[in-house]
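Listed below, chain by chain, are the residues.
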Amino acid sequence: MTTVLVTGGAGFIGSNLVRYLRREHRDWRIFNIDKLTYAGNLNNLAGIEVGPDYSFVQGDVADGAMLSRVWARRRIKYVFHLAAETHVDRSLKDAVPFVRANIEGTAVLLDLARTEGVEKFIYMSTDEVYGAVPRGSDEVFTEDSPLKPRNPYSATKAGADLLCQVAHASHDMPVVIVRAANNYGPYQHPEKFLPLMLTNLMQGRKVPVYGTGQQMRDWLFVDDTCKALVGLAERAEPGSIYNLSGSGLIPNIELARKVLDVMRLEEEENLKMIADRPGHDFSYPLNADKIERELNIRTETRLDDGLRRTVFWYRNNEDWWRPIREGRFKDYYKEQYSEL
Ligand code: NAD
Ligand code: DAU
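Rules behind the numbers
Residues numbered from 1 in each chain as written. Chains lettered and ligands numbered in written order. Predicted model: local features only at pLDDT ≥ 70, side-chain atom pairs only at ≥ 80, totals over all residues. Heavy atoms only, no water. Core = buried A, V, L, I, M, F, W, Y, C linked by side-chain atoms within 4.5 Å. Buried < 20%, exposed > 50% of the residue type's maximum accessible area, 1.4 Å probe, protein only. Helix = DSSP H or I, 4+ residues; strand = E, 2+ residues; numbered from the N terminus. Contact = heavy atoms within 4.5 Å. Near = heavy atom within 4 Å. Polar contact = N/O pair within 3.5 Å; in protein donor to acceptor, adjacent residues only side chain to side chain. Areas by Shrake-Rupley, 256 points an atom, 1.4 Å probe, with all protein chains shown as cover. Nonpolar A, V, L, I, M, F, W, Y, C, P; charged D, E, K, R; others polar. Arc of directions from axis to C-beta. Salt bridge = Lys/Arg side-chain N within 4 Å of Asp/Glu carboxyl O. Right-handed = clockwise from strand over helix to strand, strands pointing away. Expected span 1.5 Å × (residues − 1). Pairing = 2+ DSSP bridges. Axes fitted to C-alpha atoms, helices over the stretch in contact; angles between N-to-C directions. 1 Å grid on protein atoms, 1.4 Å probe; cavity = no way out; pocket = protein on both sides within 12 Å on 5 of 7 lines; lining within 4 Å. Points joined across faces, edges and corners; volume = space filled by probe spheres on them.

## What to know about the nonpolar core
Core analysis: the largest hydrophobic core is formed by 42 residues, its most contacted members being Val4, Leu21, Phe80, Ile122, Leu232 and Leu244. Of all the elements in the fold, those that place two or more residues in this core are strand S1 (3-7), helix H1 (12-24), strand S4 (78-81), strand S5 (120-126), strand S6 (175-180), helix H7 (222-235), strand S10 (241-244) and helix H10 (289-295). Among the elements that line this core, the one with the most residues is H7, at 7 residues. Those residues within four positions of Leu21 in sequence are excluded, and the remaining contacts are Val4, Val6, Arg26, Trp28, Ile30 and Val230. Ranked by size, the runner-up nonpolar core spans 27 residues in total, among them Val209, Ala256, Met263 and Trp320.

Written out as structure tokens, the structure is:
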């Protein structure tokens, strides 16, 4: 019997991972721990029933006492550590919750995983830990590139990434790190660019594009990430690190144009250029050859297909996103997008 722990399983990628495991590994037992911050949402897991094969505990991964209480009753084979504070714009306003969740939370979880013993500890890191390349540069990040984060979110992700590396070096822990590009797909919180665009447009609002819109991101459909996470748990060597890229870099303004195109809307009336994000990272070009060469893991979803599926999902799941948009997110939106 394979029992897995998913941390942050009520968030965007975590809930997609729980759903993916339910579909593809029906005999696995899933144990989900999530603090249910503003980003955690039990509606992401609607239809997943608590029972012998799925359990949920609301709790903070930085709370060692709680963790050891709930862990003691289970034999966990794989840990998928996804719980984190994740939004760059929020980290630029207040870094403290990021330090607690991302650094302290990872340290506590690693210590407990070492005491309890696990077969694999997968840490969901990010391409942002490398820092960014400036416009015009032909630098590409490999797994050996130095970590040079440039915002509080990525600094805390890099801190946790290093804690995972030293857990392997010091204690021979079976840690595997994956540094992934920008995920997108169903159940992504509307604070992030793509769901913000979709839900704004569906409410007749404009899309706010930071700065010139020339910054680039590499979009990775969330199902591809889930598949890769399982492949890493099953086949990666302890102590290994892998980049995971998406469908290729594209400027933000081009992504916005693609969305408008799918939604058959005009650019002039629906885009608004606003003040730039402080220190806005230009782009994170990844070389992800290693994961394909060594583990035969490749991301398959083309951006146009993934976008169509995502637009379709948001169109059909207004009941999911409306309560978020109409809840406490309103205050954040008012402050962040006062120019709109
Ligand atoms: P998300 O913000 O949608 O979800 C994060 C989840 O973690 C939420 O459910 C939240 O309640 C939970 N959480 C936060 N702090 C917690 C704590 N202290 N204890 C327990 N639960 C806590 O994030 P996401 O986009 O799904 O990202 C998941 C992971 O993947 C994160 O580690 C993130 O850094 C990483 N990542 C994300 C992307 C992306 O594009 N979304 C890309 C690369 C890496
Ligand atoms: O690269 C991986 C990272 O991708 C993850 O580690 C993070 O958790 C995730 O949030 C994401 O970070 P980004 O900062 O790239 O994502 P975001 O959706 O916030 O922004 C994507 C791009 O769009 C970025 O260049 C900023 C821009 N943007 C964003 C918002 C919210 C806008 O132009 N307007 C906006 O309103």
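## Observations concerning the site of ligand 1
Of all residues adjacent to ligand 1, which total 28 residues, the nearest are Ile13, Asp34, Thr86, Tyr153 and Lys157. For ligand 1, a nitrogen atom lies 3.0 Å from a polar atom in the backbone of Lys35. Gly40 places a main-chain nitrogen or oxygen 3.5 Å from an oxygen atom of ligand 1. Notes on ligand 1: free accessible area 840 Å², of which the protein chains cover 96%. Of all the secondary-structure elements, those providing two or more residues to the shell around ligand 1 are H1, S5, helix H5 (152-171) and strand S7 (182-184). Here the element with the most residues in the shell around ligand 1 is S5; it accounts for 3 residues. For the shell around ligand 1, the class distribution of residues is 14 nonpolar, 10 polar and 4 charged.

## Observations concerning helix H12 (residues 318-326)
Where H12 is concerned, the buried positions are Trp320, Trp321, Ile324 and Arg325. One face of H12 carries all of its buried residues, which in axial projection span an arc of 110°.

## A short note on the site of ligand 2
Asp127, Tyr153, Arg277, His280 and Tyr337 are the nearest of the 24 residues found near ligand 2. The separation between an oxygen atom of ligand 2 and a polar side-chain atom of Asn182 is 2.8 Å. For ligand 2, whose unbound accessible area comes to 680 Å², protein coverage reaches 95%. Broken down by secondary-structure element, the contributors of at least two residues to the shell around ligand 2 are helix H3 (88-93), helix H6 (193-202) and strand S8 (207-210). Here the shell around ligand 2 takes 3 residues from S8, the largest share from any one element. Residues that form the shell around ligand 2 fall into these classes: 11 nonpolar, 6 polar and 7 charged.

## Some details on the side chain of Asn270
Within the element layout of this structure, Asn270 appears in helix H9 (residues 267-270). A distance of 2.7 Å separates a polar atom in the side chain of Asn270 from the backbone oxygen of Glu266. For Asn270, the residues in contact, after removing those within four places along its chain, are Leu201, Lys206, Val207, Leu260 and Leu265.

## Quick word on the pattern of salt bridges
Applying the stated criterion to the full structure yields 22 salt bridges. The salt bridge partner of Glu191 is Arg90, with a shortest N-O separation of 2.7 Å. With Glu191 in the loop between S7 and H6 and Arg90 in helix H3, this residue pair connects regions lying 101 residues apart in the sequence. Accessibility expressed as a relative area gives 2% for Glu191, which makes it buried. Here Arg257 and Glu254 are joined by a salt bridge, their closest N and O atoms 2.9 Å apart.

## Side note on the pairing of S6
By the criterion of burial, S6 is predominantly enclosed, with 6 of the 6 residues buried. Neither face of S6 is open: one carries Val175, Ile177 and Arg179, the other Val176, Val178 and Ala180, and all of them are buried. Crossover S5 to S6 through H5 is right-handed.

## With respect to unusual backbone geometry
Generally, phi is negative for residues other than glycine and the peptide bonds are trans, each holding for most cases. Phi is positive for Leu36, which is not a glycine, with a value near 55°. Mapped onto the fold, Leu36 is located in the loop between strand S2 (29-34) and strand S3 (54-58). Backbone geometry places Asn296, a non-glycine residue, at a positive phi of 60°. Tracing the sequence through the fold places Asn296 in the loop between H10 and helix H11 (303-316).

## Focus: H7
With 14 residues, H7 should cover 20 Å at 1.5 Å per step; its first-to-last C-alpha distance of 20 Å lies within 8% of that length. Buried residues dominate H7, accounting for 10 of its 14 residues. The complete set of buried residues in H7 reads Val222, Asp224, Thr225, Cys226, Ala228, Leu229, Val230, Gly231, Leu232 and Ala233.

## Side note on the sheet that holds strand S11 (residues 249-251)
Sheet architecture is open: 3 strands sit in the order S7-S9-S11, paired in mixed fashion. Each edge of the sheet is formed by a strand with only one pairing partner; in this case those strands are S7 and S11. Averaged over all adjacent pairs, the angle separating strand axes in this sheet is 50°, with direction ignored. Here strand S9 (residues 216-221) runs beside S11; their pairing, made up of 3 bridges, is antiparallel. Looking at S11, one finds that Arg217 is bridged to Ile250.

## Regarding empty space enclosed by the protein
In this structure the tally under the stated criterion is 1 cavity of 30 Å³ or more. Considered as a void within the structure, the largest cavity measures approximately 50 Å³ in volume. Lining the largest cavity are Val88, Leu92, Glu128, Arg150, Asn151, Arg217, Arg277, Pro278, Gly279, His280, Asp281 and Tyr284. Looking at the lining of the largest cavity, its residues break down into 4 nonpolar, 3 polar and 5 charged.

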